[in-house]
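Read off the chains here:
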Amino acid sequence: WGLSNETTWGVTNFFFACKKHGVPIPITIQNSYSLLHRNFEYELAEACSPRNANIGLLPWSVLAGGRLTGKYEGGAKPKDARHTLFPKFQSRYFEDRLCAPISEYSKIAKEADMSVTTLALAFCKSQVFIPSTIIGATTMQQLKENIAAFSIKLPQSVLDSIDDVHRRYPNASNFDG
């Protein structure tokens, strides 16, 4: 069983309640995690680590509502795209403050000869606390690209570039910046 959208406080309370009552602890947690939202790394990663609760993150919204696919760049509104059809859905990913970090991640992807989608998914795969990733696709082409991204091992230089952008724009999709 698993948890969803939980805090460090919540995870530790679930963990100790399970231990106290002799029931299995959760094995997964589904929280938001992406190039634009890495809050999990601050406390939850430690609480969930194998040396503590041993709960793996199954991140959702790894493509930031489609912003990390490139299809919305330059204000594009592709026909039948989720944000075009439902502009208030996941609107936090369409704030102006995300333009600069998304542009930089796109440059990193281009320099590494991959799409920003592949970069975002391969980044998740590179994290030791992520045993698997929740993906979503509308078309077969998207599904194939998503699956193929998990065969990519990002070079350390690319991971370093990603971390550099993150240091300059930490958790850009947070509501409070």
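Further up the page is the structure itself.
Residues numbered from 1 in each chain as written. Predicted model: local features only at pLDDT ≥ 70, side-chain atom pairs only at ≥ 80, totals over all residues. Heavy atoms only, no water.

Caption draft 1: Quick look at the state of the cysteines. Taken as a whole and judged by the stated rule, the model has zero disulfides. We note that Cys 18 lacks a disulfide partner, and the nearest cysteine sulfur, in Cys 48, lies 13 Å from it. The class of Cys 18 is buried, set by a relative accessible area of 4%. (Disulfide = S-S within 2.5 Å. Buried < 20%, exposed > 50% of the residue type's maximum accessible area, 1.4 Å probe, protein only.)

Caption draft 2: Representation of the side chain of His 37 in the model. Tracing the backbone shows His 37 in the loop between β2 (28–30) and α2 (44–48). Polar side-chain contacts of His 37 include one of 3.1 Å to the side chain of Ser 32. Polar contacts involving the side chain of His 37 include one to the side chain of Asn 174, which spans 3.2 Å. (Helix = DSSP H or I, 4+ residues; strand = E, 2+ residues; numbered from the N terminus. Polar contact = N/O pair within 3.5 Å; in protein donor to acceptor, adjacent residues only side chain to side chain.)

Caption draft 3: Representation of the side chain of Thr 118. With respect to the helices and strands, the residue Thr 118 is situated in helix α5 (residues 116–126). By relative accessible area, which is 10% here, Thr 118 ends up buried. The contact partners of Thr 118, leaving out residues within four places of it in the chain, are Glu 145, Ala 149 and Ile 152. (Contact = heavy atoms within 4.5 Å.)

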